[in-house]
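# Remarks on the overall topology
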Amino acid sequence: MNLPEELHERLKRLTEHQHRSMNATIVVALEEYVSAHTRRAKVRGLARDIAERDAELLRRLAE
């Protein structure tokens, strides 16, 4: 994997501080990123469902 030099150095310092390998740190970071993205997508989907289901109520409340 080719990382920008500055990011590589920051990652190296972080892994040394956490006593883990760069690979393990990258895996954790990717898991957190994917989980956060999945949660945001789920929340957006739920909000869309609620807005569609309650469109009439929301319209009346806005009046």
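Here goes a summary of the coordinates provided. For every chain, the first residue of the written sequence is number 1, and numbering continues from 1 along that sequence. Whole-chain, interface and lining totals are the exception, using all residues; otherwise, since this is a predicted model, local features are given only for residues with pLDDT of at least 70 and side-chain atom pairs are given and counted only at 80 or more. To get the side-chain values, all heavy atoms of the structure are used, and hydrogens and water are removed first.

## Structural notes on the environment of Gly-45
Think of it this way: any DSSP run of H or I at least four residues long counts as a helix, any run of E at least two long counts as a strand, and we number them from the N terminus. Tracing the backbone through its elements, the reader meets Gly-45 in helix H2 (residues 22-53). Three exposure classes are used, based on accessible area relative to the maximum for each residue type with a 1.4 Å probe and protein chains only: buried under 20%, partly exposed in between, and exposed over 50%. According to the relative accessible area criterion, Gly-45 is buried, its value standing at 10%. Between the C-alpha atom of Gly-45 and that of Arg-60, which follows or precedes it by 15 residues, the distance is 23 Å.

## Thoughts on the packing of helix H1 (residues 5-18) against H2
The convention used is that axes are lines fitted to C-alpha atoms, helices contributing only their stretch in contact, and that angles between N-to-C directions extend from 0 to 180 degrees. At a minimum axis separation of 9 Å, H1 and H2 run at an interaxial angle of 100 degrees. It follows that H1 is roughly perpendicular to H2 by the angle criterion. Across from His-8, Leu-11, Lys-12, Leu-14, Thr-15 and Gln-18 in H1, the residues of H2 making contact are Met-22, Thr-25 and Ile-26. Polarity classes work like this: nonpolar for Ala, Val, Leu, Ile, Met, Phe, Trp, Tyr, Cys and Pro, charged for Asp, Glu, Lys and Arg, and polar for all others, with Gly in that last group. Of the residues belonging to the contact of H1 with H2, the class tally is four nonpolar, four polar and one charged. For this classification, under 35 degrees means roughly parallel, over 145 means roughly antiparallel, 65 to 115 means roughly perpendicular, and everything else is oblique. Between two residues, a contact is recorded if the distance between any of their heavy atoms is within 4.5 Å.

## Describing the side chain of Thr-15
Positionally, Thr-15 belongs in helix H1. Using a relative accessible area of 5% as the deciding quantity, one classes Thr-15 as buried. Among residues more than four places away in sequence, those in contact with Thr-15 are Arg-20, Ser-21, Met-22 and Thr-25.

## Focus: H1
Every helix has an expected span of 1.5 Å times one less than the residues it contains. When the terminal C-alpha atoms of H1 are compared, their 20 Å separation across 14 residues agrees well with the 20 Å that a helix rising 1.5 Å per residue should span. Phi turns positive one or two residues past the end of H1, at His-19, with a value near 55 degrees.

## Notes on a nonpolar patch on the surface
On the surface, Leu-57, Leu-58 and Leu-61 cluster together into a nonpolar patch covering about 300 Å² of accessible area. Here Leu-57 lies in helix H3 (residues 55-62). Patches draw on residues past 30% relative accessible area with no salt bridge. Two like charges within 9 Å are joined, as are two nonpolar side chains (Val, Leu, Ile, Met, Phe, Trp, Tyr) within 5 Å. Only the protein chains shown count as cover for residues, with accessible areas throughout obtained via the Shrake-Rupley method and a probe of 1.4 Å. Here, a salt bridge means any Lys or Arg side-chain nitrogen found within 4 Å of an Asp or Glu carboxyl oxygen.

That is the geometry; function is a separate question.
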